[in-house]
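Working through the structure, step by step
Letter by letter, the chains look like this.
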Amino acid sequence: MCGIIGIVGIDGKNVANNIISGLEKLEYRGYDSAGIAVVCDRRIEKLRAVGKLQNLKTKLEGNPISGSVGIGHTRWATHGKPTENNAHPITSEGVAVVHNGIIENYRELKFDLQKDGFIFETETDTEVIAHLLQREINNGCSLCKAFQKVLDLIEGSYAIAAIFSSFPNTLVAARHKSPLAVGFGEKHICVGSDVSAMSAVCCDVIYLEDGEWVKIADGNATFFDKNSNPIEPVKQKISDDLISIEKGEYAHYMLKEIMEQPSAIRKTILYNKIDKEIFHDISRILILACGTSYYAGMVAKYWFEKFLKIPVDVEIASEYRYRSPIIGKNTLAIAITQSGETIDTLEALEYVRKNSNSRVVAIANVKNSAISRVSDFVFYTEAGIEVGVASTKAFTAQLVILARMAFGNHEFLMREFQNLPAICEEALDLNDEMKHLAQRIHTANSAIYLGRGSLYPISLEGALKLKEISYVHAEGFAAGEMKHGPIALIDDNIPVICLCPHNELFEKTASNIQVALARGKNIIIFTDSEGSKLLPSETTKIILPTIHSEFAPILYAIPLQLLAYNVALMRGTDVDKPRNLAKSVTVE
Ligand code: F6R
């Protein structure tokens, strides 16, 4: 949520274009507004625009700004409406700040600053940082001292970068609970929420830890710990797969990422060997995740309990630490996350760490992300960078890792993995059929998804995909639960999308479908060839390849992604950047 970048040009060259290129890579983190500020002739020059980055670019064409030290921001609004006035960089006289996170004690700080005569011009929590820095500088503090004092005062989560008219060659940046990396190139030193933002000009990176901060001046970066003692963190090479993420022949990243699933699955199988030791002496599994990743966890519960015979709790991470959860002895905690930086999941894990001696395993897509760094062990989904805000390939790759954890002792199922990428490839051929189906349902105001067993979470995921990118209200239900209330929603118009392969629950799901058919006409069933022979002819049947029933959640997710994509296209929404959302959720 919110992307920040800061660049210091070592050779004194203008960095404005580099900042904009970096923001392009960060736009997935929020697109309510974007802004840039540079130091130019001992003045701060800034430009901001509401909406997508393109609006800022257009504005910059008419009003170019230049400077060799600058910061940029792409916003997902938390405090204050997405107006130009609330867009970052936020300034106070000679200070400009960009911030990702939330300053929780901003009200007290604001009150205090107002008493000192500072006038607040935005509705943001960030403005206190700019004024606090300005106040310390006015009081004669050195830049480092001023920054250190401000870091001691602010509470909450932040990645911040600041530039100063009175220290024109210097940039300072800090992190606490929001990601921040420092990149090094031949001609630039950068800070950014994400390494991809700096990979065009940097080859090495240092990931700041909580409480750490950096001062970049005159071609050097000096690092400090939370007590402001100098530290010397180790540089790492920026990995090649961060360097290029283009849409290629596809109209949207989401479609590209859906189509990449067979390869993501293949690589995830190849690169993840699951050591059975991981479950040694474990008597309970606790899964923590949010959104789509949470649904992957729900599927895992079916698999783990069936094959590992270990009880599993799947918890919505944002709820977990705000009740009084009981963490039993010998619990294995598993965090599932694409971004690796979802604050709810990170905080829930930290709660587990503080309140138990449980081993913590992460399943993450982004290498070196915060959650992977605080875990005892990480399995990486080898899905590659996921740019589309709606998670697709990371989800099926998460399922692959979870399935491998579950099926470890089952030779036949472990062998079956080899066929999975090819079967998923076949499912992609359903895209044309999904276009036709989308044509039929895209004007509906609401849709129902039904599934049983491990396909129940897939019905939730199908509904989430539809609502987040097409803005059509959709809900997933356990098919057997429908008669306990949701059935009242069914009429001739509402699409009822049922997941019904010919598996051990087929008869039960088929009778739930009959009940729906008795009340509505728009029944669409995703099934296989055997199932299709037995299901009512008055329904629309989409036939998927036949697959072992344990793998069905992975396969059935794919056409539902394609359906959501095609509905969104027909409704004319911004598929890759749906309204109000951001790819990475770093605020509570
Ligand atoms: C939906 C989606 C979100 C994320 C959720 C958790 O398509 O992407 O629901 O799954 O915000 O994010 P991660 O997996 O990055 O922790």
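Residues numbered from 1 in each chain as written. Predicted model: local features only at pLDDT ≥ 70, side-chain atom pairs only at ≥ 80, totals over all residues. Heavy atoms only, no water.

1. What to know about the sheet that holds strand 12 (residues 213-217)
An order of 5-6-7-8-12-13-14 is seen for the seven strands of this open sheet, with the pairing classed as antiparallel. The sheet terminates laterally at strand 5 (90-92) and strand 14 (230-231), the two strands that pair on one side only. Where strand 6 (residues 95-103) and strand 7 (residues 156-164) come together, nine bridges link them in antiparallel fashion. Paired with Val95 across the strands is Phe164, a residue of strand 7. Packed onto the sheet, helix 5 (residues 143-153) meets strand 7, strand 8 (170-176) and strand 12 and runs at close to 20 degrees relative to strand 8. (Pairing = 2+ DSSP bridges. Helix = DSSP H or I, 4+ residues; strand = E, 2+ residues; numbered from the N terminus. Contact = heavy atoms within 4.5 Å. Axes fitted to C-alpha atoms, helices over the stretch in contact; angles between N-to-C directions.)

2. Regarding the sheet that holds strand 23 (residues 496-499)
Strand order in the open sheet formed by five strands is 22-21-23-24-25, and the pairing between neighbours is parallel. Strands at the two margins of the open sheet, each flanked by one partner only, are strand 22 (473-478) and strand 25 (540-543). The average undirected angle you get between the axes of adjacent strands in this sheet is 20 degrees. In terms of strand pairing, strand 21 (residues 446-451) meets strand 23 through three bridges, oriented parallel.

3. Topic: the packing of helix 15 (residues 431-441) against helix 19 (residues 552-571)
Between helix 15 and helix 19, whose axes approach to 8 Å, the crossing angle comes to 50 degrees. With respect to each other, helix 15 and helix 19 are oriented oblique. Crossing handedness for the pair helix 15 and helix 19: right-handed. For the pair helix 15 and helix 19, contact is made by Asn431, Met434, Lys435, Leu437, Ala438, Gln439 and Ile441 and by Pro559, Leu562, Leu563, Asn566, Val567 and Met570, respectively. Its residues placed into classes, the contact of helix 15 with helix 19 shows nine nonpolar, three polar and one charged. (Parallel < 35°, antiparallel > 145°, perpendicular 65-115°, else oblique. Left-handed = near helix turned anticlockwise from the far one by under 90°. Nonpolar A, V, L, I, M, F, W, Y, C, P; charged D, E, K, R; others polar.)

4. What to know about the site of the ligand
Neighbouring residues of the ligand: 15 residues in total, closest Ser293, Gln338, Ser339, Thr342 and Glu468. Within the side chain of Thr337, one N or O atom sits 2.7 Å away from an oxygen atom of the ligand. Between Ser391 and the ligand, the recorded distance is 2.9 Å, taken from a backbone N or O atom to an oxygen atom. In isolation the ligand exposes 400 Å². Once the protein is present, 89% of that is buried. Mapped onto the shell around the ligand, the elements with two or more residues apiece are helix 8 (291-307) and helix 16 (456-470). In the shell around the ligand, the residues fall into five nonpolar, eight polar and two charged. (Near = heavy atom within 4 Å. Polar contact = N/O pair within 3.5 Å; in protein donor to acceptor, adjacent residues only side chain to side chain. Areas by Shrake-Rupley, 256 points an atom, 1.4 Å probe, with all protein chains shown as cover.)

5. Focus: the pairing of strand 7
Counting buried residues in strand 7 gives nine out of nine residues, a clear majority hidden from the surface. Both faces of strand 7 are covered, namely the face carrying Gly156, Tyr158, Ile160, Ala162 and Phe164 and the face carrying Ser157, Ala159, Ala161 and Ile163. For strand 7 and strand 8, the ladder comprises five bridges, and the chain directions are antiparallel. Each residue of the ladder has a partner; that of Ala159, found in strand 8, is Arg175. Linkage of strand 7 to strand 8, two consecutive antiparallel strands, is achieved through a turn of five residues. (Buried < 20%, exposed > 50% of the residue type's maximum accessible area, 1.4 Å probe, protein only.)

6. With respect to the packing of helix 14 (residues 420-428) against helix 19
Closest axis-to-axis distance for the helix 14/helix 19 pair is 9 Å, and the angle between their directions is 25 degrees. One element, helix 14, and the other, helix 19, form an angle in the roughly parallel class. The two elements helix 14 and helix 19 meet at a crossing, and its hand is right-handed. Each of Leu420, Ile423, Cys424, Ala427 and Leu428 in helix 14 lies in contact with helix 19, whose residues at this interface are Ile554, Leu555, Ile558 and Leu562.

7. Describing unusual backbone geometry
Of the consecutive residues His88 and Pro89, the connecting peptide bond is found in the cis state with omega at -5 degrees. Turning to its location among the elements, Pro89 is positioned in the loop between strand 4 (69-75) and strand 5. Located in the positive-phi region is Asp218, a residue other than glycine, with phi close to 50 degrees. You can see Asp218 is positioned in the loop between strand 12 and strand 13 (220-224). Taking the relative accessible area as the measure of exposure, Asp218 reaches 61% and is therefore exposed. One non-glycine residue, Asn580, lies in positive phi territory at about 70 degrees. On the secondary structure map, Asn580 appears in the segment after helix 19. Judged by its relative accessible area of 57%, Asn580 falls in the exposed class.

Fair warning: the whole summary comes from geometry, so function is off the table for now.
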